[in-house]
Amino acid sequence: MSTKIETRDLSVSFGDVQAIKSISMKILANRATAVIGPSGCGKSTFIKSLNRMNELTLNSQTTGEVLLDGENIYGNNYDVVTLRKKVGMIFQKPNPFPKSVYDNVAYGPRVHGIHKKEALDRIVQENLKKAALWDEVSDRLHPSAMGLSGGQQQRLCIARTLAVEPEVILMDEPCSALDPIATAKIEGLMRTLSTEYSVVVVTHNMQQAARVSDYTAFLYLGELIEYGSTKDIFENPKNELTEKYLIGKFG
Amino acid sequence: MSRLLDAGLERLTTILLRMGEIAEETIELSIDGFLKGLDVSDRVRSLSETLVSMSVDAEDKAFELIAKYQPVASDLRIIKSYIKIAHDLERYGRYAWDISFIHKRLAQSERCEDPLVLIERMSGKVIDMVHASIEALRSHDVELAKTLAKTENEVDELYFQYLDFSAEASISTRCLVTNVLAVRYLERIADHATYMGESIVYIATGEKVVLR
Amino acid sequence: MEKRSYSWFERRRRTEALNLAQNQITKALDTTALLDKAMQYFLAEKRKEAVQSIEKLFKTEEDVDSLRREIFKELSKGGALSAESREDLMHLVKRLDTLADYVKDAARCLKMLVDTNIPKELLENTGRMTSTLVKCATTLRGSIEKISEDPAVAIEKAKEVERTEHEIDQNYLDTKPLFIKYAQQMNPGSIVIFDDLIEFVEQAADMCADTADYIVILAGRE
């Protein structure tokens, strides 16, 4: 079981506000890791720092290291564009491109030089299947993606991310804008995807974390309180704070 | 008859090259204002209107040549392509104006934040493409025209990256909408530079290529 | 004897090009009515009917396109039609072709949005633009019909087209700031497509006015 991402003393602040403090943890390859904690605990900031998306926020300052396959992504020579291909991200609000379903998925491969129709057709179908969306859109690949339901759009975003062959998939509360049925579909996806990719999911829904993940990290006020196998965390948390959170004594 | 046509073609070429100079100025001014938070909309509008009236002149001239001389082969190729190119140059002005307009009207000419520095990078590439397209026009340089394909890809990638991440950026809604529209206009300018490249390849080689 | 048959031959050719042009003009202007229909259906949430109008529009625009090519081919055959008249017809036909092109592009945007939820105010603003565009086109048609019959009326109507185009322009400028108001309800992709939509409608109106400009020149010569 190898480490895919390791954070060492990772701290992120925005101006005067420190969002996460000195987090050190190892995220394993080809597993699903959930990040849970009450609102404002820094889980969103944490996941965004794994592909430098925290830099999207003004006045952000990051110290410490984030090693992807042993290399520090905040190092001077690290290519951010490559990073964002290796580490894909799915956001809370589905955000398909203003193009057809087909072109949404084909977009990435096209940019990387794949132009032959047969190759693109195959890539589009493959990734829509991986995202459990193929059956629903195989007969409407060319109409605009804007016409899909929220849940479908989210799965399309997943297909789009998969098409550029990432190694890690980050998901920041991917289901919170979706209805229960769409949520169930995405949760199923998280499980199947984690066998092939390293998946990290931020969720405010504890039961979801329990359902989909192999490992769970509990954050509170920007600090990593506890981290272990999901089974252990949920059945036998070591830290009192973790216990309190899980049984609903706060957040 | 060829001599008279040549004089007409020369006049048409002159109009287009002059349009090219003005288009370069218009786009650079508009983008500069946008990135620095300056209101340049009046000057940009005036330049853009000049391009519109010049494109009408160019089309007039082209139709006159077709009607009078019924040109064939390479002459016809050039004239038909010049009509398209005049349209592309006029579009340069139009999108430059679009950028200034939304900058003024939606963002109140503020300097909008661009945390990932994507817009600045995109702008740089788009300006390069505009220069290249006009230089290629001047010298009918096929190789230069073909380089536009690669840059267009890069601009596209930045455009979609921006759309992807923009909703997550912590900037005001005003700036979010302004930026999203601005990158769209930049992407359209890049498209037109590529169309110009295709026309230039067609003029020089008779080959219809797709540079996108 | 030879002279007479020569001019009769010329006259035939003149009629053919003009007939084709009349057909092309009618169809080009029809596209605006189809766009407005689609827009009004969209507003009434009749999405299937909206798409039907759009498909009809695409077909009509294809006809406009092929007519333009036929006309240019016909005109290039020369004949007694003076070079000036050939040019005039080329200008007219090209402008109407461009108008139909813009309307088609607007319809394409509308088709992409047909299953999305667009805020009512945005749709209503755009609906106003498309119905005014129909007014523009109808007035333009009236102007074209009168060029030879009654040049003074043709010129008057051409000026009316210009006034109508200003209305659409103003509408267009006032609609863009609404994107900020509704930014949270739309995602960046929809904003971009909707912006394209109103831009194309505005460009179509522009082309309407451009054509009217040309009618003034043509009518002035009669």
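Below or above, wherever it landed, is the structure these notes cover. (Residues numbered from 1 in each chain as written. Chains lettered and ligands numbered in written order. Predicted model: local features only at pLDDT ≥ 70, side-chain atom pairs only at ≥ 80, totals over all residues. Heavy atoms only, no water.)

Scanning chain B from terminus to terminus reveals six helices and zero strands. The secondary structure elements of chain B, listed N-terminal to C-terminal, are α-α-α-α-α-α. Taken over the C-alpha atoms alone, chain B extends approximately 65 × 35 × 20 Å along its principal axes. The buried share of chain B, taken over its 212 residues, is 60%. In the structure as shown, chain B presents an accessible area of about 8400 Å², 49% of it carried by carbon and sulfur atoms. Here chain B holds 26 positive side-chain charges and 36 negative ones, and the gap between their average locations is 4 Å. (Helix = DSSP H or I, 4+ residues; strand = E, 2+ residues; numbered from the N terminus. Buried < 20%, exposed > 50% of the residue type's maximum accessible area, 1.4 Å probe, protein only. Areas by Shrake-Rupley, 256 points an atom, 1.4 Å probe, with all protein chains shown as cover. Lys, Arg positive; Asp, Glu negative; His and termini not counted. Charge placed at Lys NZ, Arg CZ, Asp CG, Glu CD.)

This next bit is on the sheet that holds strand β4 (residues 60-68) of chain A. Strands belonging to one sheet form pairs held by backbone hydrogen bonds; the direction of such a pair is parallel or antiparallel. Residues and elements named next belong to chain A. Reading across from one edge, β2-β1-β4-β5 is the order of the four strands in this open sheet, with antiparallel pairing throughout. The open sheet has two edge strands, β2 (17-28) and β5 (71-72), and neither has a second partner. Here strand β1 (residues 3-14) pairs with β4 via eight bridges, running antiparallel. Each residue of the ladder has a partner; that of E6, found in β4, is L67. (Pairing = 2+ DSSP bridges.)

Taking 1.5 Å per residue as the helical rise, helix α2 (residues 47-75) of chain C with its 29 residues ought to reach 42 Å, and the 42 Å between its terminal C-alpha atoms agrees with that figure. All of the buried residues in α2 of chain C are A50, S53, I54, L57, F58, T60, E61, V64, L67, I71, E74 and L75 of chain C. (Expected span 1.5 Å × (residues − 1).)

Turning next to the nonpolar core. Grouped together as the largest cluster of nonpolar side chains are 185 residues, with contacts concentrated most on Y92 of chain B together with F194 of chain C. Once residues lying within four places of it in the same chain are set aside, the contact partners of F194 of chain C are L113, I118, L122, L123, T126, F179 and M186 of chain C. Counting 35 residues, the second-largest nonpolar core is a separate cluster that includes A32, L120, L128 and V137 of chain A. (Core = buried A, V, L, I, M, F, W, Y, C linked by side-chain atoms within 4.5 Å. Contact = heavy atoms within 4.5 Å.)

So, about the sheet that holds strand β9 (residues 215-220) of chain A. All names here are of chain A. Read across the open sheet, the six strands follow the order β6-β7-β8-β3-β9-β10; overall the sheet is mixed. Edge positions in the sheet fall to β6 (87-90) and β10 (223-229), since each has one partner strand and no second. Strand-to-strand, the axes of this sheet are offset by a mean angle of 15°, without reference to chain direction. Pairing between strand β3 (residues 32-36) and strand β8 (residues 198-202): four bridges, direction parallel. Following the sheet pairing, A32 is matched in β8 by V199. Here helix α10 (residues 240-247) sits on the sheet in contact with β3, β9 and β10, set at roughly 100° to β9. (Axes fitted to C-alpha atoms, helices over the stretch in contact; angles between N-to-C directions.)

Chain B puts 28 residues into the contact, and the matching count from chain C is 26 residues. Taken together, both faces of the contact between chain B and chain C bury some 2400 Å²; the carbon and sulfur share is 62%. Area buried by chain B at its contact with chain C is led by F63, A67 and R94 of chain B, which between them contribute 21% of it. Connecting chain B to chain C are five salt bridges. A salt bridge links D196 of chain C to R184 of chain B, with the nearest nitrogen and oxygen atoms 2.4 Å apart. There are twelve residue pairs in polar contact (both at pLDDT 80 or more) connecting chain B and chain C. Tallying contributions element by element places helix α3 (residues 73-105) of chain B first for the side of chain B that touches chain C, with ten residues. In the side of chain B that touches chain C, the residues fall into 15 nonpolar, four polar and nine charged. (Buried area = accessible area lost by both parts, 1.4 Å probe. Salt bridge = Lys/Arg side-chain N within 4 Å of Asp/Glu carboxyl O. Polar contact = N/O pair within 3.5 Å; in protein donor to acceptor, adjacent residues only side chain to side chain. Nonpolar A, V, L, I, M, F, W, Y, C, P; charged D, E, K, R; others polar.)

Tracing the backbone shows G189 of chain C in helix α7 (residues 188-221). Given a relative accessible area of 1%, G189 of chain C falls into the buried group.

Another aspect to go through is the environment of L83 of chain A. Residues and elements named next belong to chain A. Topologically, L83 is positioned in helix α2 (residues 80-86). Since its relative accessible area comes to 0%, L83 is described here as buried. Separated by 66 residues in sequence, L83 and S149 have C-alpha atoms that sit 30 Å apart. What L83 contacts, discounting residues up to four positions off in sequence, is L50, N51, R52, L68, I73 and Y78.

Once that is clear, we can look at the interface of chain A and chain C. In this complex, chain A contributes ten residues to the contact, which on the side of chain C involves twelve residues. Note on chain A versus chain C: buried area summed over both sides is about 750 Å², and carbon and sulfur give 56% of it. When the buried surface of chain A facing chain C is broken down by residue, K93, P98 and M146 of chain A rank first, second and third, together holding 58% of it. Joining chain A to chain C, the criterion identifies one salt bridge.

Looking at the secondary structure, you find E187 of chain A in helix α7 (residues 180-193). The residues touching E187 of chain A, leaving out its near neighbours within four places in the chain, are Q208, R211 and V212 of chain A.

One pass over the full model with this rule turns up twelve aromatic pairs over all chains. Look at F97 of chain A and F160 of chain B: their rings are 4.4 Å apart centre to centre, the planes differ by 50°, and that puts the pair in the tilted class. Taken together, the positions of F97 of chain A in the loop between β6 and α3 (101-111) and F160 of chain B in helix α5 (residues 142-166) put the pair across two chains. Owing to a relative accessible area of 2%, F97 of chain A belongs among the buried residues under this scheme. F160 of chain B sits in the buried class, given a relative accessible area of 4%. Members of the aromatic cluster, each reached through a chain of ring pairs, are F97 and Y107 of chain A together with Y159 and F160 of chain B. Here the guanidinium or amino end of R77 of chain B rests over the ring plane of Y202 of chain B, the centre of that ring lying 5.9 Å away. Looking at R91 of chain B, its charged tip hangs above the ring of Y95 of chain B, at a distance of 5.6 Å from the centre. (Phe/Tyr/Trp six-rings, centres within 6.5 Å; stacked < 30°, edge-to-face > 60°. Lys NZ or Arg CZ within 6 Å of the ring centre and 35° of its normal.)

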